[in-house]
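# Results of the structural survey
What follows is the residue order along each chain.
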Amino acid sequence: MDIKAPRGVRDILPDESWRWAYVLDVTAKTMVDFGHSEIHLPIFEQTELFSRGVGDTTDIVEKEMYNFTDRGGRNLTLRPEATAGMVRAAVEHGLCAQGAASRLWCWGAMFRYERPQKGRYRQFFQIDAETLGLSGAVADIEVIALSAEIFRRLGLRNLEVVLNSVGCPKCRPVYREKLLAHFSANKDKLCKDCLLRLERNPLRLLDCKEPECGALADAAPAIYDCLCDECASHFEEVKSGLSGLGFPYKLDKRLVRGLDYYTKTAYEILSGDLGAQNAVCGGGRYDNLSESVGGPHLPGVGFAAGVDRILLVMEEQGCSFGKRPQKEVYVVAQDDTPAVRDAALGLAHRLRVEGIPVEDDAGDVSGKKRSFKAQMKSANNAGVTWACLVSLGEDKEIALVMKNMATGEQTAVQPEDVALRVKEAR
Ligand code: AMP
């Protein structure tokens, strides 16, 4: 077939899919324990939500968004991230009305036109948690603790929490000037992208991956000396709160993240087992995001974790995914007579309704029923616990035999007893 999945977009096949389900189950339970309620957001939003929210001069908005115009002439964008949509939904539905706080989470596909490589795709999946309506450092600490707890429950090892403060609109301009002075004096060493960043978004100079720019960024002044009193004390509270909970972290003055909306806390969780794309999670505080997209003042803090990358790390580290859901019973029709086929179909349905996973012979691609031998082979391959053999007895009555696939033991049973026997033997 000439038609393939688009570049950078992958299919999640059954062998991987059940592992996803495990990761999302563990996540959902952890979210409940930390007081976050699940919501579902639209996959596309008005383009303006991202251009104003994430920031016009970010890589995401400048180079990576999937924009389109619908038949009504509306400018829409496949969501590149979830935070802006979360804030939009909370404001639109009054979830934080009258000063209420809202703890939310969602998961789903995000879309960015990035250069595909291991752990970086154009359609990828994120788990996203946000705490809206709280400005105190406790919310930051709890959000970081929540992300770390999800990874702990999933069994991920060799992770590092990297922390920074990016200040606020009061103190960041002071820092911006210092950065401008530092980098302008070394303009000749900057890459093409950084020369543009110098004009448009100097903070982003700090996370350039080019070696020469990186060396300059290492030598750049740290924001810590420029933080206003409020940002400085918030940062101190976050650090001591994390230490109090026993979470080790590393400070990184170059951590600025690729989205403009962050204020105060910015953090990432990095894996030592991911190669170049080593962030499994990133987040922070965004006290002005709501206002920047035309909403009321609504402080918030949250994180997004990449499901694709979590899976890569878990596989690399041999983490457990629990037990893969198995078919439990294979219903085998002894012959192709209508009476036997009807009885087999009836039994399969009866068991499924009882919550027992069943496979049976629905025929082949040409609609032909398969032989008894072929069905038994399938039963073996399916790894079921039981095969139920349906046949027509000498008395012309339907006969049922349950075969224990592990021991080979066979027992004659009545149709109404099969479900109970399967459940009792679990
Ligand atoms: P961000 O929204 O850029 O802060 O990213 C948050 C997390 O999403 C990252 O730490 C990654 O785990 C994941 N992520 C971001 N971009 C991609 C991508 N293109 N492909 C796969 N995962 C991604």
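Everything below is about the structure shown above.
This write-up is about the structure you can find in this document.

What counts, and at which threshold
- Residues numbered from 1 in each chain as written.
- Predicted model: local features only at pLDDT ≥ 70, side-chain atom pairs only at ≥ 80, totals over all residues.
- Heavy atoms only, no water.
- Near = heavy atom within 4 Å.
- Polar contact = N/O pair within 3.5 Å; in protein donor to acceptor, adjacent residues only side chain to side chain.
- Areas by Shrake-Rupley, 256 points an atom, 1.4 Å probe, with all protein chains shown as cover.
- Helix = DSSP H or I, 4+ residues; strand = E, 2+ residues; numbered from the N terminus.
- Nonpolar A, V, L, I, M, F, W, Y, C, P; charged D, E, K, R; others polar.
- Contact = heavy atoms within 4.5 Å.
- Phe/Tyr/Trp six-rings, centres within 6.5 Å; stacked < 30°, edge-to-face > 60°.
- Lys NZ or Arg CZ within 6 Å of the ring centre and 35° of its normal.
- Salt bridge = Lys/Arg side-chain N within 4 Å of Asp/Glu carboxyl O.
- Buried < 20%, exposed > 50% of the residue type's maximum accessible area, 1.4 Å probe, protein only.

In the vicinity of the ligand lie 16 residues, with Arg112, Glu114, Tyr121, Arg257 and Ala279 positioned nearest. At a separation of 3.2 Å, an oxygen atom of the ligand approaches a polar backbone atom of Cys281. Computed on the free molecule, the ligand has an accessible area of 480 Å², of which 92% lies beneath the protein chains in the complex. Residue contributions to the shell around the ligand peak at 4 residues, all from strand E10 (residues 279-285). Considering only residue class, the shell around the ligand consists of 7 nonpolar, 4 polar and 5 charged.

Turning to the side chain of Arg122, a few remarks are in order. Inspection of the secondary structure assignment puts Arg122 in the loop between strand E5 (102-111) and strand E6 (123-132). A polar atom in the side chain of Arg122 sits 2.8 Å from the backbone oxygen of Glu114. Excluding residues within four positions of it along the chain, Arg122 makes contact with Arg7, Gly8, Val9, Tyr66, Met110, Phe111, Arg112, Tyr113, Glu114, Arg115 and Pro116.

With that out of the way, let us pick up the packing of aromatic side chains. Taken as a whole and assessed by the stated rule, the structure comprises 9 aromatic pairs. Among the aromatic residues, ring-to-ring pairing joins Trp18, Tyr22 and Phe321 into one connected group. A cation over an aromatic ring shows up here: Arg19 above the ring of Phe321, its NZ or CZ 5.1 Å from the ring centre. Taking the ring centre of Phe235 as reference, the NZ or CZ of Lys239 above it sits at 4.5 Å.

This paragraph deals with the pattern of salt bridges. According to the stated counting rule, one finds 30 salt bridges in the structure shown. Asp33 serves as the salt-bridge partner of Arg153, at 2.9 Å between the closest nitrogen and oxygen. In this pair, Arg153 sits in helix H5 (residues 137-154) while Asp33 sits in helix H1 (residues 14-33), placing the two residues 120 residues apart along the sequence. Judged by relative accessible area, which is 30%, Arg153 ranks as partly exposed. When its relative accessible area of 39% is taken as the criterion, Asp33 is described as partly exposed. The salt bridge partner of Glu149 is Arg152, with a shortest N-O separation of 2.9 Å. Within this pair, Glu149 and its partner Arg152 are both found in helix H5, separated by 3 residues, close to a single helical turn. Its relative accessible area of 55% is what places Arg152 among the exposed residues. Connected via shared salt-bridge partners are Lys29, Asp33, Glu149, Arg152 and Arg153.

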